[in-house]
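Chain by chain, the residues run as shown.
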Amino acid sequence: MSPLPDPDRTGSVWPSKCGRPVGSRIVGGEEAPPQQWPWMVSLNMAWGSHFCGGSLITSRHVVTAAHCVSLFRLLTHFLQVRVGAVTARVSLVSIHPDYGRLAKFDSDLALLTLTEPVAFNAATAPACLPSSEAQLGRPAMAVGWGKVTEDALTFSSTLRQVEVVLQDADACSGYGSSITPGMLCAGVSGGGRDACHGDSGGPLLTQDAEGRWVLAGVVSFGRGCGRPDFPGVYVDLFQFRGWIAEVVG
């Protein structure tokens with residue numbers, strides 16, 4: 001496994017300041033304050049229709065879920081991303097080579113390379129990548145424009161956030177063999193807080209000791225939205241740091 005470049009080093013690829021917003025699928029959450037999540041990306045069809053989320057990790061790279069973009073590997077001209085006030089085109093879709101190998105959503109991870117770098121400012125900044133394994137029992141924040149209820153007909157018109165808790169494997173036992181080692185489960189006892197349709201590919205964030213927001217996971221799948229005994233399932237990004245480093249270069 002290749003070492004991940006230090007996200008704190010200065011330079012054009014890995015920014016010196018990540019995970020620090022200007023301010024301090026979402027079911028049971030609240031509207032996100034403006035500029036709270038400046039790395040938040042909306043994946044759009046070329047005609048402007050949102051369908052998944054993502055997170056900016058460098059000026060030219062977006063992390064998202066493989067199931068959101070696998071069909072675009074040879075059709076990048078149909079895909080664009082919106083981050084802050086910027087709309088950018090995609091030059092390359094990189095799908096993790098183990099995607100779908102052990103289960104349908106196994107290694108559900110992709111990286112998008114943008115045709116041009118985006119400038120970092122108050123509305124556009126990168127998230128930090130994890131330097132240690134996710135700690136079970138810690139609070140985390142899921143963010144997205146997904147449906148606010150399982151039976152909603154449309155996605156949210158505003159960016160929303162919801163606090164959940166990183167849970168152990170027992171909490172995800174209802175999914176059976178669909179759970180593989182590169183996954184995280186997050187939710188709350190009794191359900192009611194979750195990502196939902198349209199949030200796939202978006203971030204699951206935790207804060208480190210310095211107060212920076214770290215991209216612990218990527219929204220992957222779930223049974224319904226906010227159902228008891230079926231917390232949301234996320235890609236565990238710490239387990240994929242080597243592959244990310246190889247793609248980013």
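Residues numbered from 1 in each chain as written. Predicted model: local features only at pLDDT ≥ 70, side-chain atom pairs only at ≥ 80, totals over all residues. Heavy atoms only, no water.

Caption draft 1: Summary view of the pairing of strand E4 (residues 61–64). Both faces of E4 are covered, namely the face carrying His61 and Val63 and the face carrying Val62 and Thr64. The sheet contact formed by strand E3 (residues 50–58) and E4 spans three bridges and is antiparallel. Bridge pairing in E4 links Leu56 to Val62. The loop that links E3 with its antiparallel partner E4 comprises two residues. Pairing geometry for E4 and strand E7 (residues 110–114), over four bridges, is antiparallel. Its bridge partner being in E7, Val63 is matched across the sheet by Leu111. (Buried < 20%, exposed > 50% of the residue type's maximum accessible area, 1.4 Å probe, protein only. Helix = DSSP H or I, 4+ residues; strand = E, 2+ residues; numbered from the N terminus. Pairing = 2+ DSSP bridges.)

Caption draft 2: Region of the structure containing the environment of Thr87. Positionally, Thr87 belongs in strand E6 (residues 86–95). Setting aside residues up to four positions removed in sequence, Thr87 forms contacts with Gln80, Val81 and Arg82. (Contact = heavy atoms within 4.5 Å.)

Caption draft 3: Region of the structure containing a nonpolar patch on the surface. Residues Trp47, Leu74, Leu75 and Phe78 make up a contiguous nonpolar surface patch of about 490 Å² in total accessible area. Inspection of the secondary structure assignment puts Trp47 in the loop between strand E2 (40–45) and E3. (Patch = residues over 30% accessible without salt bridge, like charges linked within 9 Å, V, L, I, M, F, W, Y side chains within 5 Å. Areas by Shrake-Rupley, 256 points an atom, 1.4 Å probe, with all protein chains shown as cover. Salt bridge = Lys/Arg side-chain N within 4 Å of Asp/Glu carboxyl O.)

Caption draft 4: Seen up close, the environment of Glu150. Looking at where Glu150 falls in the secondary structure, it is placed in the loop between strand E8 (139–144) and strand E9 (160–167). Assessed through its relative accessible area of 32%, Glu150 is described here as partly exposed. Along the backbone, Glu150 and Gly226 are 76 residues apart, and their C-alpha atoms lie at a distance of 7.9 Å. Among all residues touching Glu150, those that are not within four sequence positions of it are Cys196, His197, Gly224, Cys225 and Arg227. Within polar-contact distance, the side chain of Glu150 engages the backbone nitrogen of Cys225 at 3.1 Å. (Polar contact = N/O pair within 3.5 Å; in protein donor to acceptor, adjacent residues only side chain to side chain.)

Caption draft 5: View of helix H2 (residues 241–248). Of all eight residues in H2, six are buried; the element is thus mostly enclosed. Taken together, the buried positions of H2 are occupied by Arg241, Gly242, Trp243, Ile244, Ala245 and Val248. The inward-facing, buried residues of H2 contact E3, E4, E6 and E7. The first or second residue beyond H2 is Gly249, which carries a positive phi of 80 degrees.

Caption draft 6: Highlighting the sheet that holds E2. In space, the six strands of this closed barrel follow the order E2-E3-E4-E7-E6-E5, with antiparallel pairing throughout. Ignoring strand direction, the axes of neighbouring strands in this sheet form an average angle of 40 degrees. Note: E2 against strand E5 (residues 79–83), five bridges, orientation antiparallel. Directly across from Ser42, in E5, lies its bridge partner Arg82. Sheet strands in contact with H2 are E3, E4, E6 and E7, and its direction is about 20 degrees off that of E7. (Axes fitted to C-alpha atoms, helices over the stretch in contact; angles between N-to-C directions.)

Caption draft 7: Representation of unusual backbone geometry in the model. The phi dihedral of Ser107 is positive, around 50 degrees, even though this residue is not glycine. Structurally, Ser107 is set in the loop between E6 and E7.

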